[in-house]
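# Remarks on the overall topology
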Amino acid sequence: MAGNTFGNLFKLSTFGESHGVAIGGVLDGCPAGIELNLEAIQKDLDRRKPGQSAIVTQRKEPDTVEFFSGIFEGKTTGTPIGFAIHNTNQKSHDYSHIKDSYRPSHADYVYDQKYGFRDYRGGGRSSARETASRVVAGAIAKQFLGDMKINAYVSQVGELSLNKSYQELDFSLIESNPVRCPDTATAAKMEEYIKKIKKEGDTIGGVITCVIQNIPVGLGEPVFDKLHAELGKAMLSINAVKGFEYGSGFEGVKMKGSAHNDQFNSDGSTKTNHSGGIQGGISNGMDIYFNIAFKPVATVIQAYDTIDKEGNKVTTQGKGRHDPCVVPRAVPIVEAMAALVMADYTLLNRTIKL
C-alpha cells in the first residue's frame, strides 16, 4: 500500500489499523533544538479522542502517545521522531456481521477490489482512527511554527450555519462546548440537533472553518506546489472530507473583478482579503482562511440493503460505536494537517535564497 507519507521536508509517515495493536508514525525532517511541550501534544490528542462527550462515538481510548526516538531532554534532536498510540478498547466482534458484505459509501468494496483482501474490523487502515497520528505530528509542527497561529472551529452542522465571519468570533470559546463552535447560542442548537440525529440512528455532515494567522510573505511554490493546492490536498486526505474552498471560494464567482480585487495598503497588506491570504500560490502575509465540508458518517445504525462478496443482495444492520457527526472531533485534525503544510513550506522556503 502506497500513500502513507505526507510532506516534502517536514515529512510524516503513519502506520497501524483501527483494531490493531497500535497506530503511530515517524516524523522526519523536524529541525533539532525545538523545546517541546509534551502536555500540549497530549492535549491536542485529547481533543480528537473518542468518548469525550455525548455527541461522539463512545469507544473509550486513552489515546496516550508514547515517543520512542527523536526527543532528548525535552528537545528535538533532528533525528526521526517515532511514536505510537496503543489501541486498548477494540470490539472487533461489532464488525463480524460485515465480514462478507460491503457497507455503502465505505471503503470496504474498493479495498477488496484493489488488494484482494481487507481488514473489516472498524475499516482497518481506512478508519479515521489513523488521524490520531496526524494530530501528534501536527502538534509538534505547531510548536515549530512558533508565532503562527492555527485555529479551526465548526461553522456548520447540517443546515445550521454560523453566519458570522471569523473576525467576529472569539477563538477562546472554541473549546467551551462539545461541538467546538465559538458561538454559544449556535453551538447549543448544533448540539441538540446532533443528539436528535443520533437518537434516530442516523448521521449528519458539517463544515469546519480554519484560520491561519501571523504568516510571513512568501510561503508556497508558484506552479504545481501552490500553497492553497497543498492545503487542499491535506484537507481532502482527511476521512469524510468532500470539499475544500479558500478565500472567497465559490461565493467569489458572484462578484465582479473590480470588487473582488484586494486593493493594497502602503505597507503591502490589503484592504480586503478575498484572496484568502494566498496570491499566485504564495502567501501574501494576510490571514489564510478556508472551509472544509465533511459528509455524513457512512455508518448509520439502521437496517440497509447492500451486496456481499459474491454480488448477492443482502440486508444488514449498522452496529458498533460511531460518530453521529464527525466535525467536532475533526477540528484538531484540520489544525494538525494545516500545521504540517505550513511547517513543510517554512522549511522549503529556507532553501531558495541566502
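What comes next concerns the included structure. (Residues numbered from 1 in each chain as written. Predicted model: local features only at pLDDT ≥ 70, side-chain atom pairs only at ≥ 80, totals over all residues. Heavy atoms only, no water.)

## Re the sheet that holds strand β1 (residues 5–6)
- Strand order in the open sheet formed by 5 strands is β1-β2-β3-β7-β4, with antiparallel pairing between adjacent strands. Sheet topology places β1 and β4 (65–67) at the edges, where each strand pairs with a single neighbour.
- Summarising the sheet, strand β3 (residues 22–28) and strand β7 (residues 81–86) pair through 6 bridges and their orientation is antiparallel. Of the residues in β7, the one forming a bridge with Gly 25 is Phe 83.
- In the packing of helix α1 (residues 38–48) onto the sheet, contacts are made with β4 and β7, and the angle to β4 comes to roughly 145°. (Pairing = 2+ DSSP bridges. Helix = DSSP H or I, 4+ residues; strand = E, 2+ residues; numbered from the N terminus. Contact = heavy atoms within 4.5 Å. Axes fitted to C-alpha atoms, helices over the stretch in contact; angles between N-to-C directions.)

## Let's talk about the packing of aromatic side chains
- A complete count under the given rule lists 7 aromatic pairs for this structure.
- Centre to centre, the rings of Tyr 102 and Tyr 109 are 5.4 Å apart; their planes meet at 85°, and the pair counts as edge-to-face.
- Judged by relative accessible area, Tyr 102 falls into the buried class, the value being 6%.
- Accessibility expressed as a relative area gives 42% for Tyr 109, which makes it partly exposed. (Phe/Tyr/Trp six-rings, centres within 6.5 Å; stacked < 30°, edge-to-face > 60°. Buried < 20%, exposed > 50% of the residue type's maximum accessible area, 1.4 Å probe, protein only.)

## Description of a nonpolar patch on the surface
- Together, Tyr 109, Val 110 and Ile 307 give the surface a local cluster of nonpolar side chains, amounting to about 260 Å² of exposed area.
- By the secondary structure assignment, Ile 307 is in strand β15 (residues 303–307). (Patch = residues over 30% accessible without salt bridge, like charges linked within 9 Å, V, L, I, M, F, W, Y side chains within 5 Å. Areas by Shrake-Rupley, 256 points an atom, 1.4 Å probe, with all protein chains shown as cover. Salt bridge = Lys/Arg side-chain N within 4 Å of Asp/Glu carboxyl O.)

## Quick notes on the pattern of salt bridges
- A full pass over the atoms with the stated rule returns 17 salt bridges.
- Note that Glu 175 is salt-bridged to Arg 180, the shortest N-O span being 2.9 Å.
- The structure contains a network of salt bridges with shared partners spanning Asp 44, Arg 47, Lys 142, Glu 175, Arg 180 and Glu 335.

## Details of the nonpolar core
- Membership of the largest hydrophobic core comes to 81 residues, with the highest contact counts inside it found for Ile 208, Ile 212, Leu 231, Met 235, Phe 290, Phe 294 and Val 334.
- With 16 residues, the single largest contributor to this core is helix α7 (residues 327–349).
- Leaving out residues up to four positions away in the same chain, Met 235 has contacts with Val 241, Phe 244, Phe 290, Ile 292, Val 334, Met 337 and Ala 338. (Core = buried A, V, L, I, M, F, W, Y, C linked by side-chain atoms within 4.5 Å.)

## Some points on the pairing of β7
- Counting buried residues in β7 gives 5 out of 6 residues, a clear majority hidden from the surface.
- Judged from the 3 bridges that link them, β4 and β7 form a sheet pairing that is antiparallel. Looking across to β7, one finds that Phe 67 is bridged to Phe 83.

## Regarding unusual backbone geometry
- Positioned with a positive phi, Glu 73 is a non-glycine residue whose angle comes to about 55°.
- The exposure class of Glu 73 is exposed, given its relative accessible area of 70%.
- Despite not being glycine, Asn 214 shows a phi value in the positive range, around 60°.
- Here Asn 214 shows up in the loop between β10 (206–213) and α5 (227–236).
- Asn 214 gets classed as exposed once you look at its relative accessible area, which sits at 52%.

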